[in-house]
Protein chains: 2
Amino acid sequence: MKIRIGILGYGNLGKGIECAIKQNDDMELVAVFTRRPPEKVKILTEGVAIYHVDQILDKKDDIDVLILCGGSATDLPVQTPEYAKYFNVVDSFDTHARIPEHFAAVDASAKENGNVAMISCGWDPGMFSINRLYGEAVLPKGSAYTFWGKGVSQGHSDAIRRIDGVANAIQYTIPIDEALEAVRSGSNPQLTARQKHLRECFVVAEEGADLTRIEQEIKTMPNYFADYDTIVHFISEETLKKEHAGMAHGGFVIQSSKTGWNEENIAIIEYSLKLDSNPEFTSLVLVAYARAVYRMKKEGMSGCKTVFDVAPAYLSPYSAEELRKRIL
Amino acid sequence: MKIRIGILGYGNLGKGIECAIKQNDDMELVAVFTRRPPEKVKILTEGVAIYHVDQILDKKDDIDVLILCGGSATDLPVQTPEYAKYFNVVDSFDTHARIPEHFAAVDASAKENGNVAMISCGWDPGMFSINRLYGEAVLPKGSAYTFWGKGVSQGHSDAIRRIDGVANAIQYTIPIDEALEAVRSGSNPQLTARQKHLRECFVVAEEGADLTRIEQEIKTMPNYFADYDTIVHFISEETLKKEHAGMAHGGFVIQSSKTGWNEENIAIIEYSLKLDSNPEFTSLVLVAYARAVYRMKKEGMSGCKTVFDVAPAYLSPYSAEELRKRIL
């Protein structure tokens, strides 16, 4: 019998989950839930029903794991604790600063109802977090570096869109090659935000807007841009749609350390991702962890989990024996 | 209280463990056991006793985890099941084909005595295995590639040394750049052994030996060299000692896959190691897993474990709360 997956929310991530399930032979998509009128939502998988989210509890017994594809700002802080009452769930909550409170709320709800809830899954938080952990555990006296991109930062794009006179905007975070090479050399450099990443913005201005002021407001925006070298291009909405609709992303987690009695040697661990589609890859990670959630629940576990709590073997459809024989 | 580590066997790996403990503030080295006369063994840590291995059971209660630093060919198949009776143990057993039987023997012994035994730890098997597992779990329709080097292969060096007329030899396994680049391009190439790695041999011949025959025997040796492009250099013992005593190693684990409903996108995961000292890095991994073993034992677990069975959080000295807050 296959692992029966439900999807709540059918945007880029929901569609990514659907594609990811297609690549996992031990899983099947059984239902998509949406806040929109279901008849207005078209999905890719034939024969799978689309329901309004109000009907979700009726399908409780048909779903092994519900994957929550809402946003971290307002959807998941409510949805994950709520649905962890009725389902095993996986989310991709990525507001780093609010993870402790999200964990606490989800843990209480999942434990009380005997479900397993995996939060903050994907690649960052997610695979990158695991590599930060393995990195500092194996090289405890080393330095840790995370670089992102090249890829769109939704948060930074949104911040530009809030500026008066801006109609639309896309911001790319770009790792700086010289910084990457310095880290890879093993010199353990201390790098400022400006030295690590460049920010490139493509902005559609409203008619008659003061471009000089907009550029100035972007470049001096605290937290988002002031500490970085920022490039601003003004383009048309048409060009934005045509040339900046891609969802490529990626990045690097590097741990660099000295080894040996007198720290005479260098060891460098590097993990990197190169992704044409950020939501499709994120979805593949979420689906692998849905398998882990399904198995942990079967073993009688409950409560909130993160990628740190899951032994690698839980992610694989293969038995421990086969994994030891084939890829250990 | 610190985690009390014992070392059995003081060669390159044993010394590496000693260096690794120095970098882990929650651990202390309490004893080194050797098959040599203890007075002939000098270690780096002040105030730590060296015992003959015959005395090891007397120290049973002073040691939380015993790290076994013997070889995979003859030492570990005997030592790990034997000492798992009395200690929590970690080994670096790396004869891939014999892992299933080693696991079975160690598991029986550890379970019967309520101990935790971690086998096949290090970087391959070890960190590379974990990355192969995460890679295929997250990108199940992708292709997996492992490249090793540049570094010395002990097995291939030994194979050359067994040839008549050879006094000494060192063999480097070298990944071929074109193959690595082809994999990184996302083209999912089918690569032969010859296309992936080059073998470069530095050979000291005995006086009067037939160099042409030796070179021919190396290059045509089945399993070891026949399927590869192999370069043979004849050098003096002096040059070998001077220029080829380094223990650098490393390698790459890459998973490459298509994503998307029509497989229209590419995703590439790459994990790589660049190590000046293979035994020092291996030791740092073993010591991190010794921490995991210590904790698993405290939680009441027993039996044989591999890196696949250990949730990442067990490797870290930090609490789950702190890890979620700081690096998730």
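This text follows the structure it describes.
Residues numbered from 1 in each chain as written. Chains lettered and ligands numbered in written order. Predicted model: local features only at pLDDT ≥ 70, side-chain atom pairs only at ≥ 80, totals over all residues. Heavy atoms only, no water.

Caption draft 1: How the structure looks around the sheet that holds strand β11 (residues 229-234) of chain B. Residue and element names in this part refer to chain B. Strand order in the open sheet formed by four strands is β8-β9-β10-β11, with mixed pairing between adjacent strands. Because the sheet does not close on itself, it has two edges, and the strands there are β8 (151-152) and β11. Sheet contacts for helix α5 (residues 154-161): β8, β9 (166-175) and β10 (197-205); angle to β9, the most-contacted strand, approximately 145°. (Pairing = 2+ DSSP bridges. Helix = DSSP H or I, 4+ residues; strand = E, 2+ residues; numbered from the N terminus. Contact = heavy atoms within 4.5 Å. Axes fitted to C-alpha atoms, helices over the stretch in contact; angles between N-to-C directions.)

Caption draft 2: A look at the interface of chain B and chain A. At the interface, 74 residues of chain B touch 74 residues of chain A. By the criterion of area lost to chain A, the three top residues of chain B are Q23, W261 and L328 of chain B, representing 15% of everything that side buries. Linking chain B with chain A are 30 residue pairs in polar contact (both at pLDDT 80 or more). Of all elements in the fold, only α1 (12-22), α3 (99-112), α4 (127-138), β12 (249-259), β13 (265-275), α10 (278-298) and α11 (320-326) of chain B reach the threshold of two or more residues within the side of chain B that touches chain A. (Buried area = accessible area lost by both parts, 1.4 Å probe. Polar contact = N/O pair within 3.5 Å; in protein donor to acceptor, adjacent residues only side chain to side chain.)

Caption draft 3: Layout of the pattern of salt bridges. Counting across every chain of the model gives 36 salt bridges over all chains. Across the pair R291 of chain A and D26 of chain A runs a salt bridge whose closest N-O atoms are separated by 2.8 Å. Remark: D26 of chain A occurs in the loop between α1 (12-22) and β2 (27-34) and R291 of chain A occurs in helix α10 (residues 278-298); sequence separation between them is 265 residues. What makes D26 of chain A partly exposed here is its relative accessible area of 22%. Shared partners join several salt bridges into a network, and the residues in it are E136 of chain A together with E322 and R326 of chain B. (Salt bridge = Lys/Arg side-chain N within 4 Å of Asp/Glu carboxyl O. Buried < 20%, exposed > 50% of the residue type's maximum accessible area, 1.4 Å probe, protein only.)

Caption draft 4: Inspection of the relation of the copies chain B and chain A at higher detail. You can overlay chain B on chain A at an RMSD of 0.0 Å; the transform is a turn of 180° with a shift of 0.0 Å along its axis. Here the copies are linked by what is in effect a two-fold axis. No C-alpha of chain B approaches the rotation axis more nearly than that of A311 of chain B, which lies at 1.8 Å. (Least-squares fit on C-alpha atoms with pLDDT ≥ 70 in both.)

Caption draft 5: Examining the packing of helix α4 (residues 127-138) of chain A against α4 of chain B more closely. Direction vectors running N to C along α4 of chain A and α4 of chain B enclose 175°, while the axes themselves pass 13 Å from each other. It follows from the interaxial angle that α4 of chain A and α4 of chain B lie roughly antiparallel. Contacts between α4 of chain A and α4 of chain B involve M127, I130, N131, Y134 and V138 of chain A on the former and, on the latter, M127, I130, N131, Y134 and V138 of chain B. Its residues assigned to classes, the contact of α4 of chain A with α4 of chain B comprises eight nonpolar, two polar and no charged. (Parallel < 35°, antiparallel > 145°, perpendicular 65-115°, else oblique. Nonpolar A, V, L, I, M, F, W, Y, C, P; charged D, E, K, R; others polar.)

Caption draft 6: Representation of the sheet that holds strand β4 (residues 65-68) of chain A. All names here are of chain A. The strand order across the open sheet formed by seven strands is β3-β2-β1-β4-β5-β6-β14, and the pairing between neighbours is parallel. Each having just a single partner strand, β3 (49-52) and β14 (303-305) make up the two edges of the open sheet. Taken over all neighbouring pairs, the strand axes of this sheet differ in orientation by 25° on average, direction set aside. Here β2 pairs with β3 via four bridges, running parallel. Each residue of the ladder has a partner; that of V32, found in β3, is I50. Each of β6 (116-118) and β14 is contacted by helix α3 (residues 99-112), which is oriented at about 135° to β14, the strand it contacts most.

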